[in-house]
Amino acid sequence: MSNAVSPDPTTRAAKIITRCRELARITDIPGETTRLFLSPATSDAHTLISWWMRQAGLESRTDDAGNLRAVRRSGKPDAPTLVLFSHIDTVPNAGAFDGPLGVLLGLAAIEELGATALPFHIELIAFAEEEGARFGFPFLSSLAVVGKLDAAMLDRKDKQGISVAEAIRSFGLDPTRIPETCPLAPSTFAAIEVHIEQGPVLEKEDASLAVVEAIVGQSRFELTFEGQANHAGTTPMALRHDALVAAAQWIVEVEQYAANYKQLVATVGRVDAYPGATNIVPAKVHATLDVRHPKDESRHAAVAHLLTKAESSATHRGVKVSAKAMAEQKAVNLDRTLTTALHRAAERAGFDAEPMFSGAGHDSMILAPHVPTTMLFVRSPRGLSHHPDENVREEDVEAALATLLNLLIHLHPHKISE
Ligand SMILES: [Zn+2]
């Protein structure tokens, strides 16, 4: 684990960073940061975060999907509720900030508010599962709080054959109570997630923050190129039906096409060639395609074009190609009023937070159809994430905290849509 120099925790941003690093030492695998959904390390993480919450005057509870939650009450009992959230599970061998930053920055904002009276309650939620690392299926926690965690999802099993429901039970919780203990308070009028960018855009623009206006849609396909295996020594070049060369030409075309459009990204992340021998012309190739764009029509157009390109690259060589859709996720627009309010809060706090879209999926896209939701991105030094060297700068964390505080102090619940 990279734990280079611990910042001096005398500033409020440094304290957040120190807490993230402290949390990163709570791991299922010693020597790295790996904290899977409802693992033993999650229990220790809950103990530590609950302790911090208590120091801030908050009593926490764990709902039956394993989310750790605490509410800062407004003076008015019937006030609406604003949710601050992010997740505390990690990918294997993770960094310290993907997820925990949003939770601990939310907690720091509540600490900073002190006795300041606000016309709304603030619920802080540390989601137990966002990454999908244990069950190969992400967003379990946010699906639970919007009432979308169904029986089939609860039956999904991890590599040890333990189901989601069993994992919940062995954590001392009751999956049958999810519909009672998990849903967001009906009075919830807004949800805000602070998260590291996990990409290089803010670094390139030399900016601390961005407000996220949309989360891109994704299409995933698996393509199969079928040619003809033959002897690599006796088959002349002109008489081959090489599935791998057909796939290779197409892969280059995917890169070239996507490079022409600013908001489009397209990736062939996996290629398997068969029979996979030095002296045999490749007969068959499986290749994945991942296409993302903030506008669904543009993504669909790109997919159609790229699948046609695969066809022409294959036909040219007497190779057949077929494509199977594996997953599709629509683009999600975050709440415009809330995003604008966050942008203004950043301005008032003295920072520029230009709108951008997120190329990665987040819990925010699960909440957004149910409650006005927005995200604040914090610069990722070197664009690095899902890596032990993932980092944040103290000045950027301070900018995020100042922005969030400014928003909380100026926010009028009735001005947010819904
Ligand atoms: Zn995350």
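Residues numbered from 1 in each chain as written. Predicted model: local features only at pLDDT ≥ 70, side-chain atom pairs only at ≥ 80, totals over all residues. Heavy atoms only, no water.

For the protein, the count of helices and strands is 13 helices and 16 strands. With the C-alpha coordinates of the protein rotated into their principal frame, the extents come out at 80 × 45 × 45 Å. Considering only intrachain contacts with a sequence separation of at least 6, the fraction spanning at least 24 residues in the protein is 77%. If you sum the accessible surface of the protein, you get close to 18,500 Å²; carbon and sulfur atoms cover 52% of it. (Helix = DSSP H or I, 4+ residues; strand = E, 2+ residues; numbered from the N terminus. Contact = heavy atoms within 4.5 Å. Areas by Shrake-Rupley, 256 points an atom, 1.4 Å probe, with all protein chains shown as cover.)

Once that is clear, we can look at the UniProt feature "binding site: allantoate" (unreviewed entry) in the protein. The UniProt record marks Arg220, Asn279 and Arg292 with the feature "binding site: allantoate" (unreviewed entry), using the residue numbering of this structure. The named residues occupy 73 residues along the chain; their greatest pairwise C-alpha distance, 37.1 Å, places them well apart from one another. One can find Arg220 in strand β7 (residues 217–226). Those residues in contact with Arg220 that sit more than four places away from it in its chain are Leu289, Asp290, Arg292, Lys324, Ala325, Met326 and Ala327. In terms of polar contacts, Arg220 uses its side chain to reach the side chain of Gln218, at 3.1 Å. (UniProt positions renumbered as here; feature names shortened; annotations may be inferred. Polar contact = N/O pair within 3.5 Å; in protein donor to acceptor, adjacent residues only side chain to side chain.)

Quick look at the coordination of the zinc ion now. Only His87 (NE2), Asp98 (OD) and His195 (NE2) from the protein coordinate the zinc ion, and they sit 2.0 to 2.2 Å from it. In primary-sequence terms, the residues that donate to the zinc ion follow H-x10-D-x96-H. Separated by 11 residues along the polypeptide, His87 in strand β3 (residues 81–87) and Asp98 in the loop between β3 and α3 (100–113) bring together distant segments of the chain. Both residues of the pair, His87 and Asp98, belong to the buried class. (Donors = N, O, S within 2.8 Å, 3.2 Å for Na, K, Ca; no water. Buried < 20%, exposed > 50% of the residue type's maximum accessible area, 1.4 Å probe, protein only.)

Turning our attention to the UniProt feature "binding site: Zn(2+) 2" (unreviewed entry) in the protein. Under the present numbering, the feature "binding site: Zn(2+) 2" (unreviewed entry) in UniProt falls on Asp98, Glu131 and His386. With the annotated positions falling across 289 residues, the maximum pairwise C-alpha distance of 10.3 Å places them together in a single cluster. Within the secondary structure, Glu131 sits in the loop between β4 (121–127) and α4 (140–145). When residues no more than four places from it in sequence are discounted, the contact partners of Glu131 are His87, Asp89, Thr90, Val91, Asp98, Pro138 and His386. As for its position among the elements, His386 is in the loop between β16 (373–378) and α13 (394–410).

Two descriptors summarise a pair of aromatic rings, namely the distance from one centre to the other and the angle between the planes of the rings. Overall, the coordinates contain 5 aromatic pairs when judged by the stated rule. Residues Phe120 and Phe189 carry aromatic rings whose centres are separated by 5.6 Å and whose planes lie at 65° to one another, so their mutual orientation is edge-to-face. Here Phe120, found in the loop between α3 and β4, pairs with Phe189, found in strand β5 (residues 188–196); they are 69 residues apart in sequence, far enough to count as distant. (Phe/Tyr/Trp six-rings, centres within 6.5 Å; stacked < 30°, edge-to-face > 60°.)

Turning to the nonpolar core, a few remarks are in order. Counting 61 residues, the largest nonpolar core has Ile16, Leu82, Leu101, Leu105, Ile122 and Leu408 as its most contacted members. Broken down by element, the residue count for this core peaks at 9 residues, all from α3. Listed in part, the 42 residues of the second largest apolar core include Leu38, Ala165, Ile168 and Cys182. (Core = buried A, V, L, I, M, F, W, Y, C linked by side-chain atoms within 4.5 Å.)

Below, the discussion takes up the domain arrangement of the protein. What the domain assignment lists for the protein is domain 1 (12–215 + 332–415) and domain 2 (217–329). The C-alpha centroid of domain 2 is placed 37 Å from the C-alpha centroid of domain 1. Tallying the contact residues gives 7 residues for domain 1 and 6 residues for domain 2. Buried area between domain 1 and domain 2, both sides added, is near 460 Å², and the carbon and sulfur share of it is 55%. Where domain 1 touches domain 2, the interface holds 0 salt bridges. At the junction of domain 1 with domain 2, the criterion picks out 1 residue pair in polar contact (both at pLDDT 80 or more). For the side of domain 1 that touches domain 2, a count of residues per class yields 5 nonpolar, 2 polar and no charged. (Domains from an automatic or database assignment. Buried area = accessible area lost by both parts, 1.4 Å probe. Salt bridge = Lys/Arg side-chain N within 4 Å of Asp/Glu carboxyl O. Nonpolar A, V, L, I, M, F, W, Y, C, P; charged D, E, K, R; others polar.)

Here we come to the pattern of salt bridges. One pass over the full model with this rule turns up 17 salt bridges. Note that Glu328 and Arg299 form a salt bridge whose closest N and O atoms lie 3.2 Å from each other. Remark: Arg299 occurs in helix α10 (residues 296–315) and Glu328 occurs in strand β13 (residues 320–329); sequence separation between them is 29 residues. Exposure remark for Arg299: the relative accessible area of 0% places this residue in the buried category. A single salt-bridge network, built from bridges that share partners, covers Arg12, Glu112 and Glu398.

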